[in-house]
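Listed below are the residues making up each chain.
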Amino acid sequence: MNAGKSQILIVDDEPDIREVLELTLGRMNLETRSAANVEEARHLLEQFRFDLCLTDMRLPDGNGIGLVKHIQESYPNMPVAVITAFGNMETAIAALKAGAFDFVSKPLDLNDLRNIVRSALKVPRPAGSVAAAASETSPIGKKMLGDSPAIQKVRVMVEKLARGQAPVYIGGESGTGKELAARLIHELGPRADKPFVPVNCGAIPENLMESEFFGHKKGSFTGAIQDKEGLFKAADGGTLFLDEVGDLPLSMQVKLLRAIQEKSIRPVGTQAEIKVDVRILSATHRNLRELVTSGHFRQDLYYRLNVIELLIPSLRERIDDITLLTEQFCARLATGLSMKPPRLTNETLEALKRYPFPGNVRELENILERALTLCNGQEITPQDLQLPIGEAGTDGQGTFSNEESLDDYLERIERSAIEKALAQTNQNKTAAAKLLGISFRALRYKLEKLGIE
């Protein structure tokens, strides 16, 4: 075999499909070896080094998922793409959950196939173990800061998810860094040289959603004064990040599901379908499972988006990271203000560690930004922090005791912080959200949840 060419293993029991795949990949200047069943495939894997395996799901002596798992365990750096029967979405999702890089459906669309092969061959090979690549000294460790076990686990997961194409659902409270995780999954993967397009689903007016996502033709509705390509087309070849996906109305959920499944879109005012190749990452601070149960979110779309779940921990779950985060934020913010980073007193750090941070990392950054402008330039004191609530044991909060659940305690603190922020800003919700270090939408959601008028 030619050492300079990428080597592909084809596993399919149908000779005509093997032939089509061999011809197609040969024209891409790739070398192939073929197996008709799992046993032959395993034998070839032991003998040769491959850069990619392309396997059918149904094989005479087993199935593609078994082969995916075997390759994941024995040859973790080799991507596997699976060929599924037409319309069998459940099987495709099962393969992605098992670790498959991507899937292509029969009858084979050779363009889709070529795109998947090109992407798979661009997957970066980690120099060492995934855990080492995701340490705090690696590129990802410098962007996703922290030494706590909780954040180290997230970094390892992000590194792993970047090596596939499976849709990822990123869960976590407001301000935890869900968009940062999505950006890193994109930047560390084979689509890094293509666009990363973030979209806040809750910020698009319902009557404009279809046009925003899929584009429109000039004159297709009042106000459509020129052609527009839409978010899917803008992300073609790259990644579309659907933030606050739980805010999508049901009518749009149906259209989104179709676009994801068909890998094509129809701009408003046209009859023609346009093929798009995007990886979908989604996030929300709301509980999607609860939205499915209450009928506000389609179950089929939920399963399509939530192929793999990545949960970002709250700052309360990684208190040990507060010192490091504080140092880094202060250094960066001080540079922006052309000042020397002030020192934080021990009391200040203790006050930060006691505070429950309903707005998480984003709130910590906002608090420090305010403290830098209020402090004497030498050091930051607890008073400079202007925390929305007093330290534990003051302000009527009381310390946490086992007489109430952690959720009840946090809800009580959150309610007090919100009520205080609203009072401080004369009930101006936009200003209160800024003071709390959370988005306006997050505040509105919390007001509804806590029943605050």
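Everything quoted here is computed from the prediction, not taken from an experiment.

Moving on, we get to the overall build of the protein. Per the secondary structure count, the protein includes 21 helices and 16 strands. Principal axes of the C-alpha set define a box for the protein whose edges measure 75 × 55 × 50 Å. Accessible surface for the protein amounts to roughly 21600 Å². Of this, 49% is attributable to carbon and sulfur atoms. Treating the 56 positive side-chain charges of the protein as one cloud and the 62 negative ones as another, the clouds have centres 4 Å apart.

Ranked by size, the top nonpolar core spans 47 residues in total, and within it Leu-9, Val-11, Cys-53, Leu-67, Val-158, Ile-170 and Leu-310 carry the most contacts. The next biggest cluster of nonpolar side chains, apart from the first, holds 31 residues, and it includes Met-209, Phe-213, Leu-288 and Tyr-302.

Attention shifts here to the packing of helix H15 (residues 322-336) against helix H16 (residues 346-354). Packing of H15 against H16 leaves a shortest axis separation of 10 Å and a crossing angle of 115 degrees. Relative to H16, H15 is oriented so that their crossing is right-handed. In this structure, H15 uses Ile-322, Thr-323 and Thr-326 to contact H16, whose residues at the interface are Leu-349, Leu-352 and Lys-353. Residues of the contact of H15 with H16, tallied by class, amount to 3 nonpolar, 2 polar and 1 charged.

Moving on, we get to the sheet that holds strand S8 (residues 168-171). Taken in spatial order, the 5 strands line up as S9-S10-S13-S8-S14 in an open sheet, and their pairing is parallel. Each end of this open sheet is capped by a strand with a single partner; those strands are strand S9 (196-200) and strand S14 (308-311). Between one strand axis and the next, the sheet turns by 20 degrees as a mean value, whatever way the strands run. Each of S8, strand S13 (279-284) and S14 touches helix H8 (residues 149-161); the most contacted strand, S14, lies at about 150 degrees to it.

Let us look at the pattern of salt bridges. Applying the stated rule across the entire model yields 24 salt bridges. The salt bridge involving Arg-266 is made with Glu-273; its shortest N-O contact spans 3.2 Å. A residue is classified by how much of its surface remains accessible, and Arg-266, at 38% relative accessible area, is partly exposed. Since its relative accessible area comes to 34%, Glu-273 is described here as partly exposed.

Here we come to the packing of aromatic side chains. Summed over the entire model, instances satisfying the criterion amount to 7 aromatic pairs. Seen from their ring centres, Phe-213 and Phe-214 are 6.3 Å apart, and the 50 degrees between their planes marks the pair as tilted. Here the aromatic residues Phe-213, Phe-214 and Phe-232 are joined through ring pairs into a cluster of three or more. Lying over the aromatic face of Phe-48, Arg-33 brings its terminal NZ or CZ to 3.6 Å of the ring centre. Looking at Lys-263, its charged tip hangs above the ring of Phe-103, at a distance of 4.9 Å from the centre.

What follows is about the side chain of Arg-370. Locating Arg-370 in the fold gives a position in helix H17 (residues 360-374). Glu-363 provides the closest opposite charge to the buried, unpaired Arg-370, separated from it by 6.7 Å. The residues touching Arg-370, leaving out its near neighbours within four places in the chain, are Leu-385, Gln-386 and Leu-435.

Structurally, Thr-430 can be placed in helix H20 (residues 429-436). Residue Thr-430 is classed as exposed on the basis of its relative accessible area of 54%. Each C-alpha atom of the pair Thr-430 and Phe-440 lies 5.8 Å from the other, and the pair is 10 residues apart in sequence.

A few words on helix H4 (residues 89-98). An α-helix turns once per 3.6 residues; consequently, residues spaced three or four apart project the same way. Met-89, Ala-92, Ile-93, Ala-95, Leu-96 and Ala-98 are the residues of H4 that are buried. Gly-99, located one to two residues past H4, shows a positive phi value of around 115 degrees.

With that settled, the discussion passes to the state of the cysteines. For the structure on display, the rule yields 0 disulfides. The thiol of Cys-375 is not disulfide-bonded; the next cysteine sulfur, from Cys-330, is found 8.3 Å away.

Packing of helix H3 (residues 64-74) against H4 brings their axes to within 9 Å, and their N-to-C directions diverge by 10 degrees. When the interaxial angle is binned, H3 and H4 end up roughly parallel. Where H3 crosses over H4, the two elements pack in a sense that is right-handed. When H3 is examined against H4, the residues Ile-65, Val-68, Lys-69 and Gln-72 are found in contact with a partner set consisting of Thr-91, Ala-94, Ala-95 and Ala-98. Residues belonging to the contact of H3 with H4 are distributed by class as follows: 5 nonpolar, 2 polar and 1 charged.

Moving on to the sheet that holds strand S2 (residues 31-35). If you walk across this open sheet you meet the 5 strands as S2-S1-S3-S6-S7, and the pairing is parallel. In this open sheet, the two edge strands, each paired with only one partner strand, are S2 and strand S7 (102-105). The mean angle between the axes of side-by-side strands here comes to 20 degrees, regardless of whether they run parallel or antiparallel. The pairing of strand S3 (residues 52-56) with strand S6 (residues 80-84) spans 4 bridges and is classified as parallel. Bridge assignment links Asp-56 to a residue of S6, and that residue is Ile-83. Sheet strands in contact with H4 are S6 and S7, and its direction is about 160 degrees off that of S7.

Cut-off values and rules
- Residues numbered from 1 in each chain as written.
- Predicted model: local features only at pLDDT ≥ 70, side-chain atom pairs only at ≥ 80, totals over all residues.
- Heavy atoms only, no water.
- Helix = DSSP H or I, 4+ residues; strand = E, 2+ residues; numbered from the N terminus.
- Areas by Shrake-Rupley, 256 points an atom, 1.4 Å probe, with all protein chains shown as cover.
- Lys, Arg positive; Asp, Glu negative; His and termini not counted.
- Charge placed at Lys NZ, Arg CZ, Asp CG, Glu CD.
- Core = buried A, V, L, I, M, F, W, Y, C linked by side-chain atoms within 4.5 Å.
- Buried < 20%, exposed > 50% of the residue type's maximum accessible area, 1.4 Å probe, protein only.
- Axes fitted to C-alpha atoms, helices over the stretch in contact; angles between N-to-C directions.
- Left-handed = near helix turned anticlockwise from the far one by under 90°.
- Contact = heavy atoms within 4.5 Å.
- Nonpolar A, V, L, I, M, F, W, Y, C, P; charged D, E, K, R; others polar.
- Pairing = 2+ DSSP bridges.
- Salt bridge = Lys/Arg side-chain N within 4 Å of Asp/Glu carboxyl O.
- Phe/Tyr/Trp six-rings, centres within 6.5 Å; stacked < 30°, edge-to-face > 60°.
- Lys NZ or Arg CZ within 6 Å of the ring centre and 35° of its normal.
- Disulfide = S-S within 2.5 Å.
- Parallel < 35°, antiparallel > 145°, perpendicular 65-115°, else oblique.

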